[in-house]
Amino acid sequence: MPTLDDILEEIGEFGRFQKQTFFVLCLLSAAFTPIYVGVVFFGFTPEHRCFSPGVAELSRRCGWSLAEQLNHTVPEWGGHGAAFGSRCRRYDVDWNATGLSCTDPLGSLAGNRSSVPLSPCQDGWLYDYPGTSLVTEFNLVCEDSWKLDLFQSCVNAGFFIGSMVIGYMADRFGRKLCLLITVLINSVSGVLMAFAPSYTWAVVFRLVQGLVSKGGWLTGYVLTAEFVGLSFRRTVGVIYQLAFTVGLLIFTAVAYVLQHWRWLQLAVTLPNFFFLLYYWCLSESPRWLITQKQNDKAMEVIKRIAKGNKKKLPLSFQHLKSEDDDGEKLKPSFLDLVRTPQIRKHTCILMYSWFTSSVLYQGLIMHMGIASGNIYLDFLYSALVEFPAAFILLLTVDRIGRRYPWAVANVLTGGACLVTALVPDTLYWLKMTAACLGRMGITMCYEMVCLVNPELYPTFLRNLGVLACSSMCDLGGIITPFIVYRFAELWHELPLVVFAVIAFIGGGLVLLLPETKGKALPETLEDAENMQKRRKENMIYLQVLTSKATPK
């Protein structure tokens, strides 16, 4: 009896039906962007200073410009990147007092500015920003700045938990049902977040979005791969991630137009309700139906695919064979990931690579949010470089291989981070160029680890291997806000130096993995263990053939 891949070769591996399905799922991928990197705009921290009662009236009486007002009334004022004191402390004086000099108001009170006592911002802050963000509305600055870190960490904690739960649900109850449930919960919680009355409720609703959104995105990724033939899986996987990049561009444009975070949240959430139409637009995965021994339903989907592709299903293909019909079905265990030496090495390196990809990708985006440039243009430029990253990947992985482009991408990212950190702000064009190259490099690393991870594990262990290794991606996302925002308080460019060290280590480690270009996927533990050995044997065999061909 034929397998599903045999049937797809007859009725179309990527015909009109699959293209339509792929398109509607790419919309889901693009809609995931505001949740994954939305903190850049939702949590934007503008320049700020303490609100001091009486300062505005004194400034009006003395006829000060804004610059003169800041120099006279704000401690240690120095513009962007000013010290903690200028943002989080104020002079403990009564600005409504009579007799204050307009030329040196503090000198008329204490004689020496340095002797004037400072106090915390008891009456709130003033923000140099025309819109609103979570930071400006809930005053997530100074002593409460850690709450912004917690906000983004909760999203990644939701990713970590939800990916496992949603992944199990998708395997247990089906891809389509799982996708619809995640879309509904994500949409409702997103709307509720837009009306959150407090910071606590905003975190709760964002956590709920994290619990379902990434799991839904991964389910769409799996569903896309399961509808197409073997020769198209790599292409649709890369393009599905490229749709996420398109979402970055759209999100940037919407954020530029809507600079108030609640309206922005509504604008990026409401379109998600249209994804509930998937109930009528999408079919269940035929591969999943076959694994559940629901061959009749799987055949109905296959006939729908054939009709959509305008192909006729041969009579000899009316009965299906499951890929696991022959032989005993092995049950995967977490111990299998570390039981044997080569797989143990692969697991450790892949976990570090997932961790590195997440920390650097999210970290570079978050660091852009606290940089001194135009956040909208910087975000746009860095998003655009993800397109050449995808095309370079498509051109190199089947020609050069996986390891060397992967290692080069890591080194490129690390070098770009160092250049961005060490180049002075006066050379803005050089800093921006280096930042874009770093973003391109880490995008390649991210897509490469997605490609290589399943190629290094045997069939029965493959899903568990990908799940366990990619979980480090979410753990990395949990600590990234603390690396970016807390380290930047010590030195604004310190996070970039940390990212460079992490990337250089990752570039060296991936060279220890076996090359998988042109190799069949391993079926057993023995196959996976011998991947490196087979490479060495092939090299020895080639040398023997070469020596025999050499004339004496």
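Structure shown above.
Described in the following lines is the structure provided in the data block. Sequence order sets the numbering: in each chain, residues are counted from 1 along the sequence as written. Note on the predicted model: pLDDT of at least 70 is required for a residue's local features to be given, and 80 or more for side-chain atom pairs to be given and counted; whole-chain, interface and lining totals, by contrast, use all residues. Just so you know, side-chain values use all the structure's heavy atoms and leave hydrogens and water out.

## Some thoughts on the packing of aromatic side chains
A pair of aromatic rings is counted whenever rings of Phe, Tyr or Trp (Trp by its six-membered ring) have centres within 6.5 Å, and the orientation is called stacked for planes under 30 degrees apart, edge-to-face for over 60 and tilted otherwise. Applying the stated criterion across every chain, the model contains 25 aromatic pairs. On the basis of an interplanar angle of 10° and a centroid distance of 5.4 Å, the ring pair of phenylalanine 41 and tyrosine 376 is categorised as stacked. Remark: tyrosine 376 occurs in helix H19 (residues 375-384) and phenylalanine 41 occurs in helix H4 (residues 39-42); sequence separation between them is 335 residues. Just as phenylalanine 41 is buried, tyrosine 376 falls in that class too. Ring plane angle 35° and centroid distance 5.5 Å describe the contact between phenylalanine 275 and tyrosine 278, whose orientation is recorded as tilted. Relative accessibility thresholds used throughout: buried, under 20% of the residue-type maximum; exposed, over 50%; partly exposed, between the two (1.4 Å probe, protein chains only). Classification of tyrosine 278 by relative accessible area gives buried; the value is 4%. The rings of Phe32, Tyr36, Phe159, Trp217, Tyr221, Tyr240, Phe244, Trp354, Tyr361 and Tyr446 are connected pair by pair, giving a single aromatic cluster. Each ring is checked for a lysine NZ or an arginine CZ that lies within 6 Å of its centre and within 35 degrees of its normal; such an atom marks a charge sitting over the ring. Over the face of the ring belonging to tyrosine 279 we find lysine 176, whose NZ or CZ atom lies 5.2 Å from the ring centre. The helix count covers DSSP runs of H or I at least four residues long, the strand count covers runs of E at least two residues long, and both are numbered beginning at the N terminus.

## What about the packing of helix H13 (residues 233-257) against H19?
Between H13 and H19, the least distance of the axes is 9 Å, while the angle of their chain directions is 170°. As the angle between them shows, H13 and H19 are arranged roughly antiparallel. For the pair H13 and H19, the crossing hand works out as left-handed. Contacts between H13 and H19 pair Thr245, Leu248, Leu249, Thr252, Ala255 and Tyr256 from the former with Tyr376, Phe379, Leu380, Ala383 and Leu384 from the latter. Every axis in this analysis is a line fitted to C-alpha atoms, fitted for helices over the stretch in contact. Angles between the N-to-C directions lie between 0 and 180 degrees. Under this scheme an angle from 65 to 115 degrees is roughly perpendicular, one under 35 degrees roughly parallel, and one over 145 degrees roughly antiparallel; angles in between are oblique. Crossings are sorted by hand: turned counterclockwise from the far helix by less than a right angle, the near helix makes the crossing left-handed, and turned clockwise it makes it right-handed. By definition, residues are in contact when any of their heavy atoms lie within 4.5 Å.

## Here we look at the environment of glycine 369
Turning to its location among the elements, glycine 369 is positioned in helix H18 (residues 341-369). Overall, glycine 369 belongs to the buried group, its relative accessible area being 10%.

## Thoughts on the nonpolar core
Ranked by size, the top nonpolar core spans 135 residues in total, and within it Tyr36, Phe41, Tyr278, Tyr361, Trp406 and Phe499 carry the most contacts. It is H18 that provides the largest number of residues to this core, a total of 12 residues. Residues contacting phenylalanine 41, with those up to four places away along its chain left out, are Ser133, Phe251, Thr252, Ala255, Leu264, Ile375, Tyr376 and Phe379. Ranked by size, the runner-up nonpolar core spans 9 residues in total, among them Val55, Leu58, Trp64 and Trp95. We define a nonpolar core as any set of buried Ala, Val, Leu, Ile, Met, Phe, Trp, Tyr and Cys residues linked to one another through side-chain atoms lying within 4.5 Å.

## Examining unusual backbone geometry
Backbone geometry places cysteine 142, a non-glycine residue, at a positive phi of 55°. Inspection of the secondary structure assignment puts cysteine 142 in the loop between helix H9 (134-138) and helix H10 (146-173). The class of cysteine 142 is buried, set by a relative accessible area of 12%. The residue lysine 293 is not glycine, and still its phi comes out positive at about 60°. Relative to the helices and strands, lysine 293 is located in the loop between helix H16 (286-291) and helix H17 (295-308).

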